[in-house]
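This is what each chain is made of:
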2 protein chains.
Amino acid sequence: MSNADRHGLIAKAVRDSGGATVQELAELTGASEMTIRRDLDTLAAQGVLERVRGGARTLLLRGEEPPFALRAHEAVDAKRRIAAEISALVADGESILLDSGTTCLEVARLLRERPVTVMPLSLQAVHLFAETPGPATLVVPGGQPRAAEGALTGPLTLASLAALRFDTAVIGCCGLSAADGLTAYDLDDAAVKKAAIASARRILVATDGGKLGRTAYAYVGPSSLLHTLVTDATAPADEIAALEGAGTLVKTV
Amino acid sequence: MSNADRHGLIAKAVRDSGGATVQELAELTGASEMTIRRDLDTLAAQGVLERVRGGARTLLLRGEEPPFALRAHEAVDAKRRIAAEISALVADGESILLDSGTTCLEVARLLRERPVTVMPLSLQAVHLFAETPGPATLVVPGGQPRAAEGALTGPLTLASLAALRFDTAVIGCCGLSAADGLTAYDLDDAAVKKAAIASARRILVATDGGKLGRTAYAYVGPSSLLHTLVTDATAPADEIAALEGAGTLVKTV
DNA sequence: CCTTTCGAACATTAGTAATGTTCGTTACGG
DNA sequence: CCGTAACGAACATTACTAATGTTCGAAAGG
């Protein structure tokens, strides 16, 4: 069992039952108590759970966004396929604005090998491009990194977006429905997404099916702004139909 | 012998004699020819040297800036001491603009542990802050990363600088003398440094003694703009005296 | 056309990270 | 104030990964 697998198990167990003791988790995972303690420290540092004497407790009593460290390992296959489709929709030479989020990070991995100009809105993606120099040209937006993901937000980000125009924006989302439009968990994020959409000629949305029909609390804009949505087979059919009715081209991979 | 040591040896041998064969380098380092070939590929990718059949050739026939990958391992001790002194000159709570360069990267390492707001002008430093969350607040400037170091340049960087004001700017340099002022190897870099100096109330310069009295080709500004210079004992005494005469406080560590 | 160099593929080694164990210290409950 | 359980530092051990060396067929140069 890999390190990440065990972390996932622990996080799930703690979230499902609201809390767990070190002993229980050691039994569940087959690891020693010491290892569990170290894992709990790591997860607590990532904001996944709260450490208490004898075990750990969930932090997610409110309907919050799950921590990035966890989301990154969920539905990786679907994200890869979605990212591949997005990459296929992009032509060589385009200038591309890349939103934050785990799905967009997969898109970044693919775009590294393409002769395109990319401005990523998360530090994680910036690192990706900076570490492995490829044919792609990197432009870094200003801003203040938010949370573990390094999503860039704030006036500097908005100013960077206002100063540039892109052929294509690849947007991720926390919630999307025909009725409530595109929504995000965070007000600052929503402002950035709004500006991103305004700075690009063509808007692609990349999101797994679980986000469709859901509504987060910060409103970004109506679904009619979105030209193409790439999602996976878990997306509810009625929601897809509604979005297509509103003028968005939907691709399921 | 560590990997980096061997790379240093190879780079030095190639630079000193203008070129070397794989056999010579294998003999010099005690490693196998295959390892040398792999090293040469790596160094060529970093722009340290040029690969030719049978060996490698130096690229530095003109008076260019040595590659970042090499500079990072030179005079590390002096850079650490200079960085420590710079850190001591900074008070908790300040907002700090941090230039690109290897010396400033050492300053970044120390500032991570301090409750300050930092905007680094290189991606390497941005990574440093993003990876290890500490008490420091990170602000990312926009821009296009230049070369291996990730020095941010261009209109987005200048716009980010124009939008903000800092308590202190920590500037690195390629050349500094009382007669020719502060100079850089690259025009874009020089423009960024100029804007950085204009955006801060107090200007600290961190540079090893080897840069004093030297002049690179892109002019940034006169030495009178600089409030404090921190350098090491290898700095020529006459140059220090001249800079002090022009109004700069010089600290030797 | 021959020689030398190159680099892919695998074997081997060195180095590093993860895990487990022990044991003294610390925090909570009575 | 004491006892018990939990904690975490320090070390031993294991597992993994990266680095290096070897071999050999292919490719480049003269």
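Preceding block: the structure.
In short, a report on the structure.

1. Here we look at the protein's contact with DNA strand D
Item 1. Around DNA strand D sit 17 residues, and of these Gly54 of chain A together with Arg6, Ser32, Thr35 and Arg38 of chain B come closest.
Item 2. Sugar and phosphate atoms constitute 56% of the interface atoms of DNA strand D, taking the interface as everything within 4 Å of the protein.
Item 3. Here a phosphate oxygen of DNA strand D sits 3.0 Å away from a polar atom, N or O, in the side chain of Arg37 of chain A.
Item 4. Taking Arg38 of chain B, its side chain carries an N or O atom lying 2.7 Å from a base nitrogen of DNA strand D.
Item 5. Listed by contribution, the elements that provide at least two residues to the surface near DNA strand D are α2 (22–29), α3 (33–45) and β2 (49–52) of chain A together with α1 (3–17) and α3 (33–45) of chain B.
Item 6. The greatest single-element share of the surface near DNA strand D, amounting to three residues, is contributed by α3 of chain B.
Item 7. For the surface near DNA strand D, the per-class residue count stands at five nonpolar, six polar and six charged.

2. Here's the deal with the relation of the copies chain A and chain B
Item 1. When chain A is brought onto chain B, the operation consists of a screw motion whose angular component is 180° and whose axial shift is 0.1 Å, with 0.1 Å RMSD remaining. With respect to symmetry, the two chain copies, as superposed, fit the operation of a two-fold axis. No C-alpha of chain A lies nearer the rotation axis than that of Gly142 of chain A, which sits 1.9 Å from it.
Item 2. Mapped onto chain B, 100% of the interface residues of chain A are again interface residues, and the two copies thus contact each other with one and the same surface.

3. Here's the deal with the nonpolar core
Item 1. Core analysis: the biggest nonpolar cluster contains 52 residues, and Ile86 and Val170 of chain A together with Ile86 and Val170 of chain B have the highest contact counts within it.
Item 2. The contacts of Ile86 of chain A, once residues within four sequence positions are left out, are Val107, Val170, Leu204, Val205, Ala206 and Val230 of chain A.

4. Remarks on the sheet that holds strand β10 (residues 175–177) of chain A
Residues and elements named next belong to chain A.
Item 1. Taken in spatial order, the three strands of this open sheet run β10-β11-β13, and their pairing is antiparallel. At either end of the open sheet lies a strand with only one pairing partner, and these are β10 and β13 (218–221). Ignoring which end each strand starts from, the neighbouring axes of this sheet average 25° apart.
Item 2. With three bridges connecting them, β10 and strand β11 (residues 181–184) associate as antiparallel partners. Within β11, the residue paired with Gly175 across the bridge is Thr183.

5. Overview of the protein's contact with DNA strand C
Item 1. Around DNA strand C sit 17 residues in total, of which Arg6, Ser32, Thr35 and Arg38 of chain A together with Gly54 of chain B are the nearest.
Item 2. Counting only the atoms of DNA strand C within 4 Å of the protein, the fraction contributed by sugar and phosphate is 55%.
Item 3. Within the backbone of Ser32 of chain A, an N or O atom sits 2.9 Å from a phosphate oxygen of DNA strand C.
Item 4. Arg51 of chain B places a polar side-chain atom, nitrogen or oxygen, 3.2 Å from a phosphate oxygen of DNA strand C.
Item 5. Per-element accounting of the surface near DNA strand C gives the leading share, three residues, to α3 of chain A.
Item 6. Within the surface near DNA strand C, the residues separate by chemical class into five nonpolar, six polar and six charged.

6. Overview of the pattern of salt bridges
Item 1. Under the counting rule described, the total for this entry stands at 30 salt bridges over all chains.
Item 2. Between Lys12 of chain B and Asp16 of chain B there is a salt bridge, and its shortest N-O distance comes to 2.7 Å. A residue pair is termed a helical-turn pair when its members lie 3 or 4 positions apart in one helix, as Lys12 of chain B and Asp16 of chain B do in helix α1 at four residues.
Item 3. Given the relative accessible area of 55%, Asp16 of chain B is considered exposed.
Item 4. A cluster of three or more residues bridged by salt bridges with shared partners is formed by Arg80, Glu106 and Arg109 of chain A.

7. A short note on helix α6 (residues 102–111) of chain B
Item 1. In terms of burial, α6 of chain B is a largely internal element, eight of the ten residues being buried.
Item 2. Taken residue by residue, α6 of chain B has Thr102, Thr103, Cys104, Leu105, Glu106, Val107, Ala108 and Leu111 of chain B as its buried positions.

8. Observations regarding the sheet that holds strand β11 (residues 181–184) of chain B
One key point about sheets: their strands pair by backbone hydrogen bonds, in either a parallel or an antiparallel sense.
All names here are of chain B.
Item 1. Within the open sheet, the three strands sit side by side as β10-β11-β13. Their pairing is antiparallel. With one partner strand each, in any of the chains shown, β10 (175–177) and β13 (218–221) form the two edges of the open sheet. For this sheet the average axis-to-axis angle between neighbouring strands, irrespective of direction, equals 25°.
Item 2. Sheet topology note: the β11/β13 ladder contains three bridges and is antiparallel. Along β13, the bridge assignment pairs Leu182 with Gly221.
Item 3. Here helix α9 (residues 187–198) sits on the sheet and contacts β11 and β13; the angle it forms with β13, its principal contact strand, is near 0°.

Cut-offs used in this document
Residues numbered from 1 in each chain as written. Chains lettered and ligands numbered in written order. Predicted model: local features only at pLDDT ≥ 70, side-chain atom pairs only at ≥ 80, totals over all residues. Heavy atoms only, no water. Near = heavy atom within 4 Å. Polar contact = N/O pair within 3.5 Å; in protein donor to acceptor, adjacent residues only side chain to side chain. Helix = DSSP H or I, 4+ residues; strand = E, 2+ residues; numbered from the N terminus. Nonpolar A, V, L, I, M, F, W, Y, C, P; charged D, E, K, R; others polar. Least-squares fit on C-alpha atoms with pLDDT ≥ 70 in both. Contact = heavy atoms within 4.5 Å. Core = buried A, V, L, I, M, F, W, Y, C linked by side-chain atoms within 4.5 Å. Buried < 20%, exposed > 50% of the residue type's maximum accessible area, 1.4 Å probe, protein only. Pairing = 2+ DSSP bridges. Axes fitted to C-alpha atoms, helices over the stretch in contact; angles between N-to-C directions. Salt bridge = Lys/Arg side-chain N within 4 Å of Asp/Glu carboxyl O.

The quantities given are spatial measurements derived from coordinates; they are silent on function.
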